[in-house]
Amino acid sequence: MSDFRYRPEVDGLRAVAVLLVVLYHAKIGVAGGFVGVDVFFVISGFLITGLILRARSEDRFSLATFWERRLRRIFPAAAVMSAVTLAFGAAIMMPDALNELARSAVAQQLMVSNVFFWNSTGYFDGASELKPLLHTWSLAVEEQFYLFYPFLLLLLTGRGVPFGRSLPIALGALLVASFGLSAWGVSAHPDGTFFLLPARMWEMLMGAMLVFVPAPTAMPRAAREALSWLGIAAIAWASLVYDGATPFPGPAALAPCLGAALIIYSNLGQPTHLGKWLSHKSAVFVGLLSYSLYLWHWPVLAFCHYWFGAHPPLGPRLFAVLLSFFLGWVSWRFVETPMRQPRRWSRGRFAFLSAGVATAAILGTGLVIMGARGFPTRFDDDLIGLGAVELPDHHRLQPEDALLGELTPVGLSDESLDQRFLFWGDSHLIALTETIDRRAREAGLRGSLAAHPGFPPLLDAWCVGRDRDSIVSWNRAIRTSVRTRGIQNVVLVARWSLYVESPEWGGSQQLLVDANSDTTGESYAPRAMARSLARTVEDLTADGVRVWILKQVPLQPFDPPRKLQLSKLFGRSAPSGATLEETISRHAAANQMIDALGAGDLVHVLDPLPYCFDAH
């Protein structure tokens, strides 16, 4: 069993973790820096378990005291950050974005932001960069852990006798079960596995298990040094090799978690050379700032992305990092530190009362913004209308309807008419829905639409980091509907280049995988798409279905509606979009696969470029 003295090298390890996360989010040098969150989880499990068991062994543990300390540690700085973020969002965000921010603020106050973002977005999705409170998912995971974990330890320990053999065995069994769930879920249900506590709990329990390990005092110093360097090497390797396409957490999270555990373990008792460096006052200082820095860096970067687009220039990103450090220091110095001091005004009933008042205020503000739909009256009507896409009420079906074989109707609603066509695609199709519906009505046609963000309209294919079963089932259900309804024209619409290469502008990589082989990787994705596209076309044309493939529309280096809205709001000139040459180069790989299918009586290729530029 380890002792519970102050460990300055743990604060230094916190510094490593937060710097990795900040650099990753700022897109500066560490493609896998998101593993810093996993290092935080291991540290939290180690410290919280030690704190509880020490108090338990001295017969002075109480749930009220424990939660009060957690409350003073977590809540004040997070509440201030949320309030300021809401206020800043109200100043510059358009109604839909502000409404989304308000919803996430409400979820954050209720300690369920991980559930909220699980239901609304993927962590590695491009749109996630515009969600200023996305990072609070990890706080929610820890908060949920803090709610149930003390009960578990109380259940497994007798009064005043905290260290029976049953405790580490039970925690170890829970660790194995949670890791097994994570390993299974990372491919079966990747979003839930990333965001939700059951598949993340093993990381905190790995830190907890260190409490029961005796200090390695009998171990040769060279061995402890080797373990220490092996630990930091594992964290560094993961941060440099992993990226947004890495299935995570699952087995991939073992490297940063074991790395953190090895560093903590090897420094039990006497510090290693690495431990001494991590104990340096500069590293410890950044570690002390780590919580407030973590809180502030993401909102700053999110607003940077909101202004500049998915890939801001290096200058603004560096400025955002520096501003995050400053705001983190202010938060640590004037909010976090005072509220953690054992003074009467920050203890006991007052702590809970003040937290309740602040929570009610932020909840109330968020609900008011939601009720007002983001206060569109802040802007002129023509500004609000930029980029708005609305469907008639009778077309509002949910994505899961297609999994049941149901399709969204477009065009005329006269059921006596045959369904002449089906548009089948991802989010790029969603953007065209209003136009398709209007033109179909004008032509007197009745058809259907099946669209799901991030789901390529290809049979037996899926994307890394997405729910494989959902994508495959969705597309199979659509194919069945085409056959049973006798639809004779199918139009495939997608952001094709997203599935075969790293994006230069906007979004995140969603490499395609051929479900028949499960081979993954950027070098394999083009072959997977070529095979899946050919298979889909062959399957449809075998039934006499005419297949129309719409090549990708030009991709812009920014979100056009938002950029136009911001430009008009602040009196700036309209931005320039991508050139024809850039577009041809950007979509060359995907277009080559589409062209390779050849044209014929049943296969037609539609190219939007002549209609998107003044000259072709």
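Values in this document were obtained by computation on a predicted structure and should not be read as measured data.

Colleague: Sorry, what's going on with the overall build of the protein here?
Modeller: Along the protein, the regular secondary structure elements total 24 helices and eight strands. Within the protein, buried positions represent 54% of all 616 residues. Accessible surface, the protein as shown: approximately 26,400 Å² in total, 62% of it carbon and sulfur.

Colleague: Just to check I follow, could you spell out the sheet that holds strand β1 (residues 408–411) for this structure?
Modeller: Hydrogen bonds between backbone groups are what pair the strands of a sheet, and the pairing can be parallel or antiparallel. Reading across from one edge, β1-β3-β2-β5-β7-β8 is the order of the six strands in this open sheet, with mixed pairing throughout. Pairing within the sheet leaves two strands with one partner each, and these edge strands are β1 and β8 (603–606). Taken pair by pair, the neighbouring strands of this sheet meet at an average axis angle of 25°, ignoring direction. The pairing of strand β2 (residues 421–425) with strand β3 (residues 446–451) spans five bridges and is classified as parallel. Within the sheet, the bridge partner assigned to Phe-421 lies in β3 and is Gly-447. In the packing of helix α20 (residues 468–485) onto the sheet, the strands contacted are β2, β3 and β5 (489–493), and the crossing angle to β2 comes to about 170°.

Colleague: When you look at the side chain of Asp-514 in this model, what are you seeing that I'm missing?
Modeller: Relative to the helices and strands, Asp-514 is located in strand β6 (residues 512–514). Assessed through its relative accessible area of 4%, Asp-514 is described here as buried. Those residues in contact with Asp-514 that lie beyond four places of it in its chain are Asp-460, Tyr-524, Ala-528, Arg-531, Ser-532 and Arg-535.

Colleague: It is not clear to me how the packing of aromatic side chains should be interpreted in this structure. Could you clarify?
Modeller: Given two aromatic rings, one states the distance between the centres and the angle between the planes to describe the pair. This structure, assessed with the given rule, holds 24 aromatic pairs. With 6.1 Å between their ring centres and 50° between their planes, Phe-61 and Phe-66 make a pair best called tilted. Under the relative-accessibility criterion, Phe-61 is labelled buried at 16%. On the basis of relative accessible area, Phe-66 is assigned to the buried category, the value being 3%. Their ring planes at 70° and their centres at 6.5 Å tell us that Phe-148 and Tyr-149 sit as a pair that is edge-to-face. Taking the relative accessible area as the measure of exposure, Phe-148 reaches 29% and is therefore partly exposed. Cation over ring: Arg-70 sits above Tyr-146, and NZ or CZ is 5.5 Å from the ring centre. The side chain of Arg-333 reaches across the aromatic face of Phe-334, ending 5.1 Å from its centre.

Colleague: Can you help me understand the confidence of the model for the protein in this one?
Modeller: In this model, the protein carries a mean pLDDT of 85, and residues with pLDDT of at least 70 account for 88%. Considering only residues more than four positions removed or in separate chains, one finds that residues 389–405, a stretch of pLDDT under 50, has 31 contacts.

Colleague: Explain the packing of helix α2 (residues 36–57) against helix α9 (residues 201–209) to me, please; I cannot follow it from the model alone.
Modeller: Angle between the axes and distance between the axes: these two values describe a pair of packed helices. Axis separation between α2 and α9 bottoms out at 6 Å; the angle between their running directions is 45°. When the interaxial angle is binned, α2 and α9 end up oblique. As for the relative orientation of α2 and α9, their crossing is right-handed in sense. Together, Asp-38, Phe-41, Val-42, Gly-45, Phe-46 and Thr-49 of α2 and Glu-203, Met-204, Gly-207 and Ala-208 of α9 make up the contact between the two elements. Considering only residue class, the contact of α2 with α9 consists of five nonpolar, three polar and two charged.

Colleague: What is the right way to look at unusual backbone geometry in this model?
Modeller: Generally, phi is negative for residues other than glycine and the peptide bonds are trans, each holding for most cases. A cis geometry characterises the amide bond from Phe-248 onward to Pro-249, with omega recorded as 10°. Its place among the elements puts Pro-249 in the loop between α10 (221–241) and α11 (254–266). One non-glycine residue with positive phi stands out, namely Met-111, at about 65°. Here the phi dihedral of Arg-373 falls at roughly 55°; this positive angle occurs in a residue that is not glycine. Mapped onto the fold, Arg-373 is located in the loop between α15 (348–371) and α16 (381–384). Arg-373 sits in the exposed class, given a relative accessible area of 65%.

Colleague: Explanation requested: the environment of Trp-332 in the structure shown.
Modeller: Positionally, Trp-332 belongs in helix α14 (residues 314–340). Residue classification places Trp-332 among the buried residues on the basis of a relative accessible area of 18%. Each C-alpha atom of the pair Trp-332 and Leu-293 lies 8.3 Å from the other, and the pair is 39 residues apart in sequence. In this view, Trp-332 contacts Phe-285, Leu-288, Leu-289, Ser-292, Thr-337 and Pro-338; residues no more than four positions away in its chain are not counted.

Each value, and the rule that gives it
- Residues numbered from 1 in each chain as written.
- Predicted model: local features only at pLDDT ≥ 70, side-chain atom pairs only at ≥ 80, totals over all residues.
- Heavy atoms only, no water.
- Helix = DSSP H or I, 4+ residues; strand = E, 2+ residues; numbered from the N terminus.
- Buried < 20%, exposed > 50% of the residue type's maximum accessible area, 1.4 Å probe, protein only.
- Areas by Shrake-Rupley, 256 points an atom, 1.4 Å probe, with all protein chains shown as cover.
- Pairing = 2+ DSSP bridges.
- Axes fitted to C-alpha atoms, helices over the stretch in contact; angles between N-to-C directions.
- Contact = heavy atoms within 4.5 Å.
- Phe/Tyr/Trp six-rings, centres within 6.5 Å; stacked < 30°, edge-to-face > 60°.
- Lys NZ or Arg CZ within 6 Å of the ring centre and 35° of its normal.
- pLDDT = per-residue confidence, 0-100.
- Parallel < 35°, antiparallel > 145°, perpendicular 65-115°, else oblique.
- Left-handed = near helix turned anticlockwise from the far one by under 90°.
- Nonpolar A, V, L, I, M, F, W, Y, C, P; charged D, E, K, R; others polar.

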